[in-house]
Each structure stands twice: as structure tokens, then as C-alpha cells.
Amino acid sequence: MNKISIKTIMFFILLITTNIACNSITPTDNNLNSNRSSEQTKYPIDILDSNEENIRIYEPVQKMIVLDSAAVEILFAIGEGDKIVGTHSFISHPEEAKQIAKVGDAFSINIEKIIEQEPDLVYIFFDKFAEELNKNNLKVLYIKTLENNFSNISDQILMWGKITNSTNEAKKLTQQFNNQIETIKSKINYNNESPKIFIDTTDLWTSGPNTLMGEVLELLNLSNIAHDISGYAQLSPEIIIERNPDFIITPNPKTFLDNPAFKEVSAIKNKQIFTLKSDALSVAGPRFPEGINELASLIYPEW
Amino acid sequence: MIFPWKNTILSLIVMLAIMVTSISIGPVNISPIEILKIVTYKLQLIQIEKSWPESFESIIFNIRMPRVLLAGVVGLALSISGASYQALFKNPLADPYLLGIASGAALSVTIVMTQFQNSHLITNIIPISAFSGAIVCVSITYYISAKQHGSVNTLILSGIAIASITQACTSFLMLYSNPDLRPLLSWILGGFASAEWSQILIIGPYILISTGISISLSKYFNLIQLNEEQAQQLGLNTSKIKLIIIINSSINTAAAVSFAGIIGFVGLICPHIIRNLFGGDYRNLIPLSGILGASLLIVSDTISRTILNPVEIPVGILTALFGGPFFLYLLAKTKKILY
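For every chain, the first residue of the written sequence is number 1, and numbering continues from 1 along that sequence. Going through the entries in the order they are written, you letter the chains from A and number the ligands from 1. For this predicted model, a pLDDT threshold of at least 70 governs which residues receive local features, and a threshold of 80 or more governs which side-chain atom pairs are given and counted, while totals over whole chains, interfaces and linings are taken from all residues. For side-chain calculations, the full set of non-hydrogen atoms in the structure is used, while hydrogens and water are omitted.

*Asks:* It is not clear to me how the overall build of chain B should be interpreted in this structure. Could you clarify?
*Replies:* Only runs of H or I of at least four residues qualify as helices and only runs of E of at least two qualify as strands under DSSP, and these elements are numbered from the N terminus. Of the regular secondary structure elements, chain B holds 14 helices and zero strands. Starting at the N terminus and walking to the C terminus, you meet the elements of chain B as α-α-α-α-α-α-α-α-α-α-α-α-α-α. In this analysis, two residues are considered to be in contact whenever any of their non-hydrogen atoms come within 4.5 Å of each other. At a minimum sequence separation of 6, the contacts of chain B that also span at least 24 residues come to 77%. Values of accessible area rely on a 1.4 Å probe in the Shrake-Rupley scheme; residue burial ignores everything except the protein chains shown. Within the structure as shown, chain B displays about 15400 Å² of accessible surface, and the carbon and sulfur contribution to it stands at 69%.

*Asks:* Explain the pairing of strand β8 (residues 196-199) of chain A to me, please; I cannot follow it from the model alone.
*Replies:* Successive residues of a regular strand alternate their side chains across the two faces of the sheet. Residue and element names in this part refer to chain A. Following DSSP output, two strands are said to pair if at least two bridges run between them. The sheet contact formed by β8 and strand β10 (residues 223-224) spans two bridges and is parallel. Within β10, the residue paired with Ile197 across the bridge is Asn224. Summarising the sheet, β8 and strand β12 (residues 247-249) pair through three bridges and their orientation is parallel. The residue of β12 that forms the bridge with Ile197 is Phe247.

*Asks:* How should the interface of chain A and chain B be read in this particular structure?
*Replies:* Interface size, as often reported, equals the accessible area lost upon joining of the parts. Taken together, the contact pairs 25 residues of chain A with 26 residues of chain B. Buried area is calculated as the accessible area (1.4 Å probe) missing from two parts once they are joined, with the contributions of both summed. Carbon and sulfur atoms make up 60% of the area that chain A and chain B hide from each other, which totals about 2300 Å². Put simply, a salt bridge is a Lys or Arg side-chain nitrogen that is within 4 Å of an Asp or Glu carboxyl oxygen. The salt bridge involving B:Arg305 is made with A:Glu238; its shortest N-O contact spans 3.6 Å. Any pair of nitrogen or oxygen atoms within 3.5 Å is treated as a polar contact; in protein, a donor-acceptor pairing is required on top of that, and neighbouring residues in sequence qualify only through side-chain atoms on both sides. At the junction of chain A and chain B, the tally comes to five residue pairs in polar contact (both at pLDDT 80 or more). Counting residues per element, the ones that place at least two in the side of chain A that touches chain B are β11 (232-234) and α8 (237-243) of chain A. Residues are grouped as follows: Ala, Val, Leu, Ile, Met, Phe, Trp, Tyr, Cys and Pro are nonpolar; Asp, Glu, Lys and Arg are charged; every other residue, Gly included, is polar. Residues of the side of chain A that touches chain B, tallied by class, amount to ten nonpolar, five polar and ten charged.

*Asks:* Can you help me understand the packing of aromatic side chains in this one?
*Replies:* Aromatic rings considered in pairs are described by the distance between their centres and by the relative angle of their planes. Aromatic rings from Phe, Tyr and Trp, taking only the six-membered ring of Trp, are treated as a pair when their centres fall within 6.5 Å; an angle between ring planes under 30 degrees marks them as stacked, one over 60 as edge-to-face, and anything in between as tilted. Inspection of every chain in the model, using the stated rule, returns ten aromatic pairs over all chains. When the centroid spacing of 6.2 Å and the interplanar angle of 75° are considered together, the rings of A:Phe198 and A:Phe256 count as edge-to-face. Residue A:Phe198 is located in strand β8, and its partner A:Phe256 is located in helix α9 (residues 254-257); the two are separated by 58 residues in the primary sequence. For A:Phe198, a relative accessible area of 0% corresponds to the buried category. Chaining the aromatic ring pairs together yields one cluster made of A:Phe125, A:Phe126 and A:Phe129. Two conditions define a charge sitting above a ring: the NZ of Lys or the CZ of Arg must be within 6 Å of the ring centre, and it must be within 35 degrees of the ring normal. Over the face of the ring belonging to B:Phe61 we find B:Lys42, whose NZ or CZ atom lies 5.3 Å from the ring centre. The classification of residues rests on relative accessible area computed with a 1.4 Å probe and restricted to protein chains. Under 20% of the type maximum is buried, over 50% is exposed, and intermediate values are partly exposed.

*Asks:* Help me out: how do you make sense of helix α1 (residues 5-24) of chain B in this one?
*Replies:* Within an α-helix, residues lying three or four positions from one another point in the same direction, as the helix has 3.6 residues per turn. All names here are of chain B. A helix is expected to span 1.5 Å for every residue after the first. With 20 residues, α1 should reach 28 Å at 1.5 Å per residue; the first-to-last C-alpha distance of 29 Å fits that figure. Within α1, burial applies to Thr8, Ser11, Met15, Met19, Ser22 and Ile23. Projected down its long axis, α1 carries its buried residues within an arc of 120°, all on one side. Among the exposed residues of α1, those pointing more than 90 degrees away from its buried face are Lys6, Ile13 and Val20. For α1, the secondary structure elements touched by its buried residues are α2 (32-43), α3 (54-88) and α13 (282-306). As used here, the arc belongs to the directions running from the helix axis to the C-beta atoms.

*Asks:* Explanation requested: unusual backbone geometry in the structure shown.
*Replies:* Glycine aside, residues mostly have negative phi angles, and peptide bonds mostly take the trans form. Going from A:His93 to A:Pro94, the amide bond is cis rather than trans, its omega being -10°. Tracing the backbone shows A:Pro94 in the loop between β4 (84-88) and β5 (102-104). The phi dihedral of A:Asn244 is positive, around 50°, even though this residue is not glycine. Tracing the chain through its elements places A:Asn244 in the loop between α8 and β12. Classification of A:Asn244 as partly exposed rests on a relative accessible area of 23%. The phi dihedral of B:Phe265 falls on the positive side, at around 75°, and the residue is not glycine. Structurally, the position occupied by B:Phe265 is in the loop between α11 (238-260) and α12 (266-278).

*Asks:* Can you walk me through the side chain of B:Asn252 in this structure?
*Replies:* All names here are of chain B. Mapped onto the elements, Asn252 comes out in helix α11. A relative accessible area of 1% means that Asn252 is categorised as buried. Within the structure, Asn252 has its side chain in polar contact with the side chain of Ser210 (distance 3.1 Å).

*Asks:* Quick question: what am I supposed to make of the confidence of the model for chain A here?
*Replies:* Detailed conclusions should not be drawn from predicted coordinates in areas where pLDDT is low. Residue-level confidence of the predictor is what pLDDT reports, using numbers from 0 through 100. The predicted model of chain A averages 83 in pLDDT, with 86% of residues at 70 or higher. Segment residues 10-38 of chain A is flagged for pLDDT under 50; beyond a separation of four residues in sequence, or across chains, it makes 37 contacts in the model.

What follows is the structure, given as C-alpha cells:
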């Protein structure tokens, strides 16, 4: 970790000197996917946030508050985890992230603690606290990631690479991420009939097709029995019985096993009811393909 | 004792019709003829050939029937405890929710659910803990309101205070003791999506017994409406009757909250409608508002599981949404509340 930060600082110094020397017009870049041959981020960079506002970053960010699990995982994966000086209380991965100061949760932020850290950047994925943070002269980057999809995850990785001046690492990680997804795709025979699946989050609440989970099911050639709901909703138990899923994924198998109503459902009859062991599928970060693989290995025995 | 046989039997028939209709309505289309066939097949009255998928039997016997019955007993319990609290506090605004009793029950259930997550006994502990929460809250409310000689304002205000305190504690527990608060949240919103026969077997006996007690005590409910002295002149031990009402109604409320969560307004509206239709005699009021409560909640639950097919909406949201305006209408329309 230390080596990397020394390297970044070196790059940073180099960058400033070249900038001063050339006194060139600094390029701004809105397109995070561009394939630039240069391995250095040219500052300043502009990032379009979810309010359609440009956030300009003048130099590699050294201290940031990151109130999002996926972003924390990305930063650690590209070796910039040591620049996070504050995060929220629900961070579960990686192990080192648990040592970071907790400055908020889903319902509240501790504005005093945030200011005390003097961050160069505060990252949030919902804009509830944006105004309060802005008022205190903090640079806020708000990117709505709740409606994420796969390509968004690689965009996010590249974006963090630019912000921290680790474009190389970010590109490597993106490539690895995309390779993993491609490998998964190559293992699936999309001409086969897709098994029916019900993903229970708790109490029959489930995700519809227009969610990240919906996308995962499509990727794995699984047919989501909640195909006609939007976002997240509680599915009627009758409908579950009628649509007769071949697989059920649930955190509480007892909901289904103890209720005689479900005993004729294929998934129960054939004991195809499972609980996911890791939380990888609930964080849209670099571990996401791991989560997809875990789900796939439960469905396809030869995986 | 004069029991309103005619009205009770008539309304029971209406309620049965509602139950049968509700069983035949649902997100999955099963025709009434098919339901009739399935039921006769199950009861083995006559031999008929099986011409329906296995899943229909599950849907009718293990989803709709327990659901309709659970909604029925919960409606009955809420409505009768509402009417009893109204008698006890001599106040038509008393209701298990307004008095903070349901919130008290909800708090103790939350404590149990967050502390004993993996216990197998949990389904059996829930009604008992709900009862202890309910009885503590109603005792506090009653003590304070008795000190002020039963002032209406004191009663409602102390109810609001207790509800705020218990709800604050519930929110705190939900936020800080369990990272996954979805099961609790969906329980608190109230609903019957996960109704099972086993739940009816657990709370059914409590509700039926305490309903029986309320009906048999209904003539005393009339007497405690008189002032203390008059009642004592008639040879009535009012404090004993009141104690029985408190315990009995708390059992009813607690049983309802145990598996259905927070469902507001049923206990307030049903006795009101019956009062407007049949007058304030508790011998009428107790059984009839119980039957009305059951019917009302069965209808609400049927709407909640069909209106956004295939999605469920918590029935507590529906009763508040429709019950609230209806209650306001009643308040505006009635010149004097028959009480």
C-alpha cells in the first residue's frame, strides 16, 4: 500500500511540474470509458454527477469520505483504500475497511466528524445529505448507483482510477471484471430452457427485472418468476405457488419449509432451496462476479 | 340476559358470505365451480375426478383459507377490544392504537424478535410478550386517567405519550440492534401475507376465549357507564369488572398484534358504525362490532392481495387510508355521538 502511495505522490509531483512547464490547456474529460494511451490522469478532470452537474477535481484526491460499500471495495481493489478517511457503519468488506472511521449510516451522517477529517472529496450515492455537505464547503460527488447495471460497475472502477490517479490499476481491474463476466457468459448455453427462480430477500420481497439482480438472472439464463413487477415488491404467495419456481434463494429457508402451502412447489419438492453464503451479490463492486458464480454454482451442478 | 340473536345470526350469515367470496378471489384465477369441486373432493363427500393442478389445492387450503380466517379473528379481536376499551374509559375515542396499547405490544415483540432471533420458541413467545407490553401500557394509561377522574383529554394525551415513547424505543431497537431490519419492518406494517394455520392455532384460542368473556360481561359494560356510586348501589364491584376488562382486552389486542402487526382504525370504526346503527347498548355492540370488524378486515385483506396483482400491499396501509377518511366523515355527520 505504502509503495503505491509514494508512487502516486511522485506521479503527482511530476504531473504538476509538467503542467507548469507546458502551461497547456488542460483537457477535461467527461467520457470515463475513453481508451487513452496515457497511463496518467491529466488534471483537472470533470465528472458528471447524477444531478447533471460537473464536479471538477484539480489534483489526485488524497483524503476522501466514501459513504458507499461498492466504492470502498473498488478503492481497496485498486490499491487506494488508504485514502479513505471515513465511511459508513455497514461496511463489511474488505477486512481493512473495518478500521476506517465511521462517519454515518443510511439514516444520518455525522457532519462534524466529516469536517474534522478535512476530506478532499465526499462520495455519496443518494443525495439526501448533499446540501448539508455542500453548505460546509466540502466537495461532494453524488452518483446514484442504486439503479446500477454491469457496465456501470466498470464505469465506476474507471472513475475511481481517475480520481485517485490509479488509471492503470483501474483498467486492470475493469478488464478482470469484464473477463469474469465473459467467462460466466461463455459457460451458459442460452439455447437451453431457463429454469424458473424466485429470489426472496425476506418475507417474499423480491427484485424485478429492472434491477441489478434481475440482470444477474438474465445473465445466468434464469427466468425470474417476478417478471411483471417493477423494482422491489412483495410477491403474493399464491403467485409463487402458481408459477412454481425450480429454485428458491432465500436468507430464511424456514419461511418456505415450515409453511405447508409451499410443499408442492418444485424447488421445495426437489430440495432446491438455498441461502447465499457471501454478501457479494448485494454490493455492486469488484466482488460481484464472485457472487454471480456462487449463485450459478447452486443452480448448475457442473459449474 | 338478552342476547341480540336475530342481528347476530343475520350478520354472521353476511360474514360467512364475505368469507366464501374472499376465498374465491385472489391473484390466481380459480373459478368458484372449481373451488366447490376441490372442497368436496377434499372433504370426500362424493367421489369426483381430480381435474385441477395440485397447486390449486395448496392455494385454497394453505393460503387463502388461513389468510381469511386469520384476518377474521384479528378483525374480531381488534374490534371487540376497541369496544371494551371504550366502555372502560367511557370514551368513544378509545382504541387499542390511540391508547398506545398496540404500540406497547409491538415494542415487546420487537424486543423478543431482536434478542432471540434464532430461537425455535419464538412463535410461541410472541403472543405472551405482546400481552405483557399491552398490559403495562394500558395500566399506565388507566392509572393516569383515573387520577384525573377519567378526563377525556388526559386519556387521549397519555395514550399519545405512551405511543410516542414505545414507538421511539421500537425505532431505536430496529436501527441499532439488527443490521437486517426488513423482517421487522414488514411485520410492523401489518399484513397477512405469511398467514399460516399454525398462527391461527396459536392466537385463535386466546381470541375466542376473551371474546366469549367480553360477550358474557357486556351487561356490566353498560353498568360501568353509570357513575361509580350508582354502580356500587346496584351491588356491582366496578373495580373488579374493570380489572377483568383490562386484562381481557389486552389479551385480545396482544393476540391480534402478534402475527398481524399494526393494523389501525378497525377497533375505532367498527364500534362506531354499530353505535350509529343499533345504539349504544353493549349487549348489541360487543358481538356485532366483532363480526363487523372480522368482515371489514377480511375485505381489506382481499383488496390488499388483489388490487396490485401480483404484488401485495400491507393491509395496515389500506385500513388507515380508507378508515381515516371514513372516520372523519362519521365525525362530521353525526350530530351527537350515541354514547
